[in-house]
Amino acid sequence: MKDLAAHVRSQFPALASGAVFFDGPGGTQVPQAVIDAVAAYFREANANEHGLFATSRRSDEIIAAGRSAMADFFNARSADEIVFGANMTTLTFHLSRSLGQLLQPGDEVVVTRLDHDANIAPWLYLQEKGAVIRWLEFHPEDCTLDLGGLERLLNKKTRIVAVGCASNAFGTINDVSRIIAAARQVGALTFVDAVHYAPHRPIDVQLLGCDFLACSPYKFYGPHSGVLFGRREVLESLRATKVRPSAAAIPDCFETGTKNHEAIAGIAAAVDYLAAIGRDLGAASGFDRYETGRRRWLKQAMAVIMEHESLLFTRLLAGLQEIPGLRLLGISDPARLSERTPTACFTLTGLSPAKIAESLGQENIQVWDGDYYAWEAMNFLGLGDRGGAVRAGLSMYNTGVEVDRFLETLSRIAR
Ligand SMILES: Cc1ncc(COP(=O)(O)O)c(C=O)c1O
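Scoring rules and cut-offs
Residues numbered from 1 in each chain as written. Predicted model: local features only at pLDDT ≥ 70, side-chain atom pairs only at ≥ 80, totals over all residues. Heavy atoms only, no water. Helix = DSSP H or I, 4+ residues; strand = E, 2+ residues; numbered from the N terminus. Buried < 20%, exposed > 50% of the residue type's maximum accessible area, 1.4 Å probe, protein only. Contact = heavy atoms within 4.5 Å. Near = heavy atom within 4 Å. Polar contact = N/O pair within 3.5 Å; in protein donor to acceptor, adjacent residues only side chain to side chain. Areas by Shrake-Rupley, 256 points an atom, 1.4 Å probe, with all protein chains shown as cover. 1 Å grid on protein atoms, 1.4 Å probe; cavity = no way out; pocket = protein on both sides within 12 Å on 5 of 7 lines; lining within 4 Å. Sits in = over half its atoms within 2 Å of the grid points. Nonpolar A, V, L, I, M, F, W, Y, C, P; charged D, E, K, R; others polar. Points joined across faces, edges and corners; volume = space filled by probe spheres on them. Core = buried A, V, L, I, M, F, W, Y, C linked by side-chain atoms within 4.5 Å. Expected span 1.5 Å × (residues − 1).

1. A short note on the environment of Phe 313
Consideration 1: For Phe 313, the position within the fold is in helix H11 (residues 293-321).
Consideration 2: Residue class for Phe 313 comes out buried when judged on its relative accessible area of 3%.
Consideration 3: It is 8.6 Å that separates the C-alpha atoms of Phe 313 and Leu 337, two residues lying 24 residues apart in sequence.
Consideration 4: Dropping the residues within four chain positions of it, Phe 313 is found in contact with Leu 337, Arg 340, Thr 341, Pro 342, Thr 343, Ala 344 and Leu 394.

2. Some details on the site of the ligand
Consideration 1: Around the ligand, the surrounding shell consists of Asn 87, Met 88, Thr 89, His 116, Ala 118, Asn 168, Asp 193, Val 195, His 196, Ser 216, Tyr 218 and Lys 219.
Consideration 2: Take Ser 216: an N or O atom from its side chain is 2.7 Å from an oxygen atom of the ligand.
Consideration 3: Tyr 218 places a polar side-chain atom, nitrogen or oxygen, 2.5 Å from an oxygen atom of the ligand.
Consideration 4: The protein chains hide 90% of the 390 Å² of surface that the ligand would expose on its own.
Consideration 5: Taking a 2 Å distance to the grid points as the criterion, the majority of the atoms of the ligand fall inside the largest pocket.
Consideration 6: Residue classes in the shell around the ligand are distributed as 4 nonpolar, 6 polar and 2 charged.

3. Here we look at the environment of Glu 363
Consideration 1: In this fold, Glu 363 is placed in the loop between helix H12 (353-362) and strand S13 (365-366).
Consideration 2: When the C-alpha positions of Glu 363 and Thr 409 are compared, they lie 7.9 Å apart, and in sequence the two are 46 residues distant.
Consideration 3: Residues in contact with Glu 363, not counting those within four places in the same chain, are Arg 405, Thr 409 and Arg 412.
Consideration 4: Polar contacts involving the side chain of Glu 363 include one to the side chain of Arg 412, which spans 3.5 Å.

4. Concerning the layout of surface pockets
Consideration 1: Space inside the largest pocket adds up to approximately 440 Å³.
Consideration 2: Lining the largest pocket are 25 residues, with His 116, Asn 168, Tyr 218, Lys 219 and Tyr 372 sitting closest to its centre.
Consideration 3: Looking at the lining of the largest pocket, the elements that each hand over two or more residues are helix H4 (88-100) and strand S14 (368-370).
Consideration 4: In this structure, the second largest pocket spans a volume of roughly 290 Å³.
Consideration 5: For the lining of the second largest pocket, the secondary structure elements donating two or more residues are helix H7 (176-185), helix H8 (205-208) and H11.
Consideration 6: Looking at the lining of the second largest pocket residue by residue, the class counts come to 10 nonpolar, 2 polar and 3 charged.

5. Concerning the nonpolar core
Consideration 1: Grouped together as the largest cluster of nonpolar side chains are 77 residues, with contacts concentrated most on Met 70, Phe 73, Phe 74, Phe 170, Leu 213 and Met 396.
Consideration 2: With 9 residues, the top contributor of residues to this core is helix H10 (residues 261-281).
Consideration 3: Residues within four places of Phe 73 in sequence aside, it is in contact with Ala 198, Ile 203, Phe 220, Val 271, Leu 274, Arg 295, Leu 298 and Met 302.
Consideration 4: One finds Ile 120, Ala 162, Leu 235 and Ala 240 within the second-largest nonpolar core, a separate group that totals 29 residues.

6. Observations concerning H10
Consideration 1: The first and last C-alpha atoms of H10 sit 30 Å apart over 21 residues, in line with the 30 Å expected at 1.5 Å per residue.
Consideration 2: Of all 21 residues that make up H10, 17 are buried, and the element is covered over most of its length.

This is the structure in structure tokens:
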């Protein structure tokens, strides 16, 4: 198979700077195709929606194309199930306000200790409606959810279960299928945060059976924005908080105010860019024979990305484990790499995470430090008031040479 990074790198103008971008979990770089789509929107289609003139009609088409692209990305049944927003956090707050209207005092909402705060804080606000919050805890040794405690948490009062697909701090991939199935058994609605998962694995909302799932295109080579999938029947049953003259039908009723049209143009371009990778470099597996066109290519792209990132991550992990004083958080067993994304989170004895990130930054290697808003998790691990941890995450454009340069620089900093 052709090397993925070799195939894609020249298409990402930012990579020409020579920096090592291991900050992908905070946001990836974008290919020229996305930059072009955003610029073309301004040149050729810039207008508000639903007008009776050319640029407005073009805007309508671009928004429809964006919905259709994301419907393929999620394997949603229809483009009406796709809601665009400023980012995942805003969409989640907005949705929690609508779902809050369904709750009675004493109803229960399940959140996890492992999640980004964007999948916790919006649900905590439901306490103002009398909701009781139940916490799904995680094992500190490997940062996996304590699913043994799941059935104990759920009961007929559970109305909402909010869970992450993958931890943006430790890379843990959660068994969301199992959690969704258990939540459905008790009649609860399910919300999945797929922000950290989306750049690394294919998403299939029909297979998952979730009611809602959110992600952020700027984490998978697209523009800064957020996208929410909502199951049609559930979206239609909710009351959206909206201005009175705006559309009453889904999905528009959940999109407050003017949308970010240029970002939507870029989202469609990012999805098409990924699909082209699957078409050009991927191979169909037996499982997705029933899928065709862009959906199939997207799955093929994710298989190519997964293979490339796993190889690099194995190298990264082995190198990290050789650095004296380095403590890796999360799953570190090389035999369990399928249970995690290629996102490494670590501390080093005697050096603060900020100092490490700054020293790497001076060498043109970009990593994050702190809690990355996995605030509950970092506090639970006792790292909240100690500067959190360093996070180095791999993306599809990273290379083995970059991994080696990172490891060599980090080893020098650690000495
Ligand atoms: C797992 C996870 N969830 C939610 C968010 C918030 O996404 P947004 O920036 O689109 O609000 C992030 C952002 O880093 C994330 O990594």
